[in-house]
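Summary of the model geometry
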Amino acid sequence: MSAERHTPSALPLHWSLYWLLWTSGVIAAGTLLGVLLFPLVGKLIGARFTVGELAITGAKTLGFYFALWAPGLAIVLTVKRAYEQRRRKVAK
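Residues numbered from 1 in each chain as written. Predicted model: local features only at pLDDT ≥ 70, side-chain atom pairs only at ≥ 80, totals over all residues. Heavy atoms only, no water.

Tallied over the entire structure, the rule returns one salt bridge. Lys-80 is paired through a salt bridge with Glu-84; the nearest N and O atoms lie 3.2 Å apart. On the criterion of helical spacing, the pair formed by Lys-80 and Glu-84 is a turn pair, its members being four residues apart in helix H2 (residues 51-91). Among the residues examined, Glu-84 registers a relative accessible area of 30% and is labelled partly exposed. (Salt bridge = Lys/Arg side-chain N within 4 Å of Asp/Glu carboxyl O. Helix = DSSP H or I, 4+ residues; strand = E, 2+ residues; numbered from the N terminus. Buried < 20%, exposed > 50% of the residue type's maximum accessible area, 1.4 Å probe, protein only.)

Put into structure tokens, the structure is as follows:
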């Protein structure tokens, strides 16, 4: 056994926080992308909305779409990291 030992109750919290970090990051990235892209594209195509309205719509729309994909992506990335950690530990 290695000197770095985790208590059984700490492991689920660790992976839950890792999952939450990925989920929050993906949703935030989508929201930011919507705030930046919607006004840019809206003004390029001549939309008759203000920049603020376009930014709010972009944040809501892309934030929502990214929120649909974020939990699944976070689960995959969390399981992948846990698998790689386990593999490295067994290889030692």
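Moving on from the coordinates now.
Once that is clear, we can look at the packing of aromatic side chains. The way to describe two aromatic rings as a pair is by their centre distance and the angle between their planes. This structure, assessed with the given rule, holds two aromatic pairs. Taking the centre distance of 5.9 Å and the plane angle of 85° together, the rings of Trp-15 and Tyr-18 count as edge-to-face. In this pair, Trp-15 and Tyr-18 are both assigned in helix H1 (residues 10-45), three residues apart and thus about one turn of the helix distant. For Trp-15, a relative accessible area of 19% puts it in the buried group. (Phe/Tyr/Trp six-rings, centres within 6.5 Å; stacked < 30°, edge-to-face > 60°.)

With that out of the way, let us pick up a positive patch on the surface. Residues Arg-81, Arg-87, Arg-88 and Lys-92 make up a contiguous surface patch of positive charge. Secondary-structure assignment places Lys-92 in the segment after H2. (Patch = residues over 30% accessible without salt bridge, like charges linked within 9 Å, V, L, I, M, F, W, Y side chains within 5 Å. Areas by Shrake-Rupley, 256 points an atom, 1.4 Å probe, with all protein chains shown as cover. Lys, Arg positive; Asp, Glu negative; His and termini not counted. Charge placed at Lys NZ, Arg CZ, Asp CG, Glu CD.)

Next up on the list: the environment of Pro-39. Within the secondary structure layout, Pro-39 lies in helix H1. It is 9.1 Å that separates the C-alpha atoms of Pro-39 and Thr-57, two residues lying 18 residues apart in sequence.

The grouping of Leu-33, Leu-37, Leu-40, Val-41, Leu-44 and Ile-45 at the surface amounts to a nonpolar patch, some 590 Å² of accessible area in total. Following the sequence through the fold, Leu-44 ends up in helix H1. Given the relative accessible area of 69%, Leu-44 is considered exposed.

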